[in-house]
There are 2 protein chains.
Amino acid sequence: MKKKESGSIDIETFRATNIGQPLMEVAKDFQRRALAKFYERGHDELQPSHQAVLAYLHASGTRLTELAELAGMSKQAMGQLVDEIERLGYVERVPDPSDGRAKIVRFTVSGKKLIRDGTKIASEIQEQYTALIGVKRFEQLREILDELRSKAKMLPIGDEVGEK
Amino acid sequence: MKKKESGSIDIETFRATNIGQPLMEVAKDFQRRALAKFYERGHDELQPSHQAVLAYLHASGTRLTELAELAGMSKQAMGQLVDEIERLGYVERVPDPSDGRAKIVRFTVSGKKLIRDGTKIASEIQEQYTALIGVKRFEQLREILDELRSKAKMLPIGDEVGEK
DNA sequence: GCAAAATAGTCAAGATACTTTATCTTTTGC
DNA sequence: GCAAAAGATAAAGTATCTTGACTATTTTGC
């Protein structure tokens, strides 16, 4: 018995191995559900990209540069994002008393309501998901993701690729 | 004891509840690792978006319209994606003998190599991840994601939003 | 058997969400 | 004083979509 024809592929093996696909699909499903629910609650101009600010902004405010680092994007890109979210009224820029160059981006009253709504929305989606897979498995999912997320940050991405 | 000041927010509660963030971060981490490894293996023009084709294209070929549906995007967007991946030499369009309107997108020899490399890459990342959280938890993650993914497809996204 | 409707795919333009590069101002830390 | 850092502003480029309009076929309804 010779080996399979060399042109053949086992694409099923690829799909069974590739956990990236289910990860991304579930993440996008969550994002779509969340956005639809924000829309229902009147936050009808909120965009997927705005999540990057809301997810990292500290309750007491955060500098733009720090936000950019946390979100893993350029200061300019974060500046554009903050411009938009400021226009929507959810955040404001105030001078940083400890550094005259810096400004602190912080939630407005409306932004705080957004976060409270976001908490409810996250709970609602959590309920939808636990109805599908059960509370226990959902909590396992959360734990595993959190563990993986915190540990994966330390790992190098490209195994010494560098410039050859 | 009165309730907390009405302006206060518990952003920690939001972050603890919001599973969307860890989902997206881990998904993006996987994607970055995979792309770096594809790059190392010479697939240096592969883009994140190309994953949408590679993930759904059947071993014996698939129609563009079907690919678009599977990936949840417009025919035009999928057409552009296929254009690029065809330019890179990984797929080709051939006429569908059973329907003169249709074309079948299928892997070239080079595309089959890409899938074989992809299988190895997915295994490598799986190894990195299991080194972080253990085999058992990694397999749990895969199971839970697959279950959630298949079941979430049936769920309506926006609870009867519709037009008011 | 044939006109109308549906389907497969393409072409073109525009929107979104960034990125990079570059310049400028203000302020800080020595 | 002066380099460096925080941020704003602007221009151009890239990636990844969308929508609308169109052609070429196939399917359908009678």
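Before reading further, recall that the structure is shown in the block above.
So, here's what we can say about the structure. (Residues numbered from 1 in each chain as written. Chains lettered and ligands numbered in written order. Predicted model: local features only at pLDDT ≥ 70, side-chain atom pairs only at ≥ 80, totals over all residues. Heavy atoms only, no water.)

Inspection of the region around DNA strand D gives 20 residues, with A:Thr65, B:Ser49, B:Gln76, B:Gly100 and B:Arg101 positioned closest. Sugar plus phosphate, as a fraction of atoms of DNA strand D within 4 Å of the protein: 60%. With respect to DNA strand D, the side chain of A:Arg101 contributes an N or O atom lying 2.9 Å from a base nitrogen. For DNA strand D, a phosphate oxygen lies 3.1 Å from a polar atom in the backbone of A:Lys103. Those elements that provide at least two residues to the surface near DNA strand D are α4 (64–71), α5 (75–87) and β3 (99–107) of chain A together with α5 (75–87) of chain B. Its residues assigned to classes, the surface near DNA strand D shows five nonpolar, eight polar and seven charged. (Near = heavy atom within 4 Å. Polar contact = N/O pair within 3.5 Å; in protein donor to acceptor, adjacent residues only side chain to side chain. Helix = DSSP H or I, 4+ residues; strand = E, 2+ residues; numbered from the N terminus. Nonpolar A, V, L, I, M, F, W, Y, C, P; charged D, E, K, R; others polar.)

This part takes up the side chain of A:Arg142. With respect to the element layout, A:Arg142 can be found in helix α7 (residues 135–152). For A:Arg142, a relative accessible area of 11% translates into the label buried. What A:Arg142 contacts, discounting residues up to four positions off in sequence, is A:Gln126, B:Ala16, B:Thr17, B:Asn18 and B:Ile19. (Buried < 20%, exposed > 50% of the residue type's maximum accessible area, 1.4 Å probe, protein only. Contact = heavy atoms within 4.5 Å.)

Moving on, we get to empty space enclosed by the protein. Space left empty within the atom packing is revealed by a probe, the size of a water molecule, rolled over the atoms. Taken as a whole and assessed by the stated rule, the structure comprises one cavity of 30 Å³ or more. Taken as a whole, the largest cavity spans an internal volume of roughly 30 Å³. What lines the largest cavity is A:Phe38, A:Leu54, A:Leu114, A:Ile115, A:Gly118 and B:Phe14. A breakdown of the residues in the lining of the largest cavity according to their chemical character gives five nonpolar, one polar and no charged. (1 Å grid on protein atoms, 1.4 Å probe; cavity = no way out; pocket = protein on both sides within 12 Å on 5 of 7 lines; lining within 4 Å. Points joined across faces, edges and corners; volume = space filled by probe spheres on them.)

Right, let's talk about the interface of chain A and chain B for a bit. Chain A puts 70 residues into the contact, and the matching count from chain B is 70 residues. Sorting the residues of chain A by area buried against chain B places A:Phe14, A:Ile19 and A:Ile157 first, and these three jointly supply 10% of that buried surface. Counting across the chain A and chain B interface gives six salt bridges. Inspection of the region where chain A meets chain B yields 24 residue pairs in polar contact (both at pLDDT 80 or more). (Buried area = accessible area lost by both parts, 1.4 Å probe. Salt bridge = Lys/Arg side-chain N within 4 Å of Asp/Glu carboxyl O.)

All names here are of chain A. Taken together, the three strands give an open sheet; going across it, the order is β1-β3-β2, and neighbouring strands pair in antiparallel fashion. Sheet topology places β1 (62–63) and β2 (91–96) at the edges, where each strand pairs with a single neighbour. Note: β1 against β3, two bridges, orientation antiparallel. Residue Thr-62 lies in a different strand from β3, and its bridge partner there is Val-105. The sheet strands contacting α5 are β2 and β3, and the helix crosses β2 at an angle near 120°. (Pairing = 2+ DSSP bridges. Axes fitted to C-alpha atoms, helices over the stretch in contact; angles between N-to-C directions.)

Attention now goes to the protein's contact with DNA strand C. In the vicinity of DNA strand C there are 21 residues, among which A:Ser49, A:Gln76, A:Ala77, B:Thr65 and B:Lys75 approach most closely. Counting only atoms of DNA strand C within 4 Å of the protein, the sugar-phosphate share comes to 60%. At a separation of 3.1 Å, a phosphate oxygen of DNA strand C approaches a polar side-chain atom of A:Ser74. Taking B:Thr65, its side chain carries an N or O atom lying 2.6 Å from a phosphate oxygen of DNA strand C. Going through the elements one at a time, α5 and β3 of chain A together with α4 (64–71) and α5 of chain B are the ones with two or more residues in the surface near DNA strand C. When its residues are assigned to classes, the surface near DNA strand C shows five nonpolar, nine polar and seven charged.

Within a sheet, each strand pairs with its neighbour through backbone hydrogen bonds, oriented either parallel or antiparallel. Residues and elements named next belong to chain B. On the basis of which strands lie adjacent, the open sheet formed by three strands has the order β1-β3-β2 and antiparallel pairing. Two strands lie at the open edges of the sheet, namely β1 (62–63) and β2 (91–95), each paired on one side alone. Sheet topology note: the β1/strand β3 (residues 103–107) ladder contains two bridges and is antiparallel. Its bridge partner lying in β3, Thr-62 is registered against Val-105.

All names here are of chain B. A rise of 1.5 Å per residue sets the reference length of helix α2 (residues 20–40), with its 21 residues, at 30 Å; its end C-alpha atoms lie 30 Å apart and thus fit the reference within 8%. With 15 of 21 residues buried, α2 lies mostly within the body of the structure. The first or second residue beyond α2 is Gly-42, which carries a positive phi of 95°. (Expected span 1.5 Å × (residues − 1).)

All names here are of chain A. Considered for burial, the residues of α4 that qualify are Leu-64, Leu-67 and Ala-68. For α4, the arc enclosing every buried residue in end-on projection is 100°, short of the 170-degree limit, so these residues lie on one face. On its buried face, α4 is in contact with α3 (51–56), β1, α5, β2 and β3. Positive backbone phi, approximately 70°, marks Gly-72, located one or two places after α4. (Arc of directions from axis to C-beta.)

The description of two aromatic rings rests on the distance between their centres and on the angle between their planes. Here the structure, examined in full by the defined rule, presents four aromatic pairs over all chains. Ring pairs connect the aromatic residues A:Phe30, A:Tyr129 and A:Phe138, which therefore count as one cluster. (Phe/Tyr/Trp six-rings, centres within 6.5 Å; stacked < 30°, edge-to-face > 60°.)

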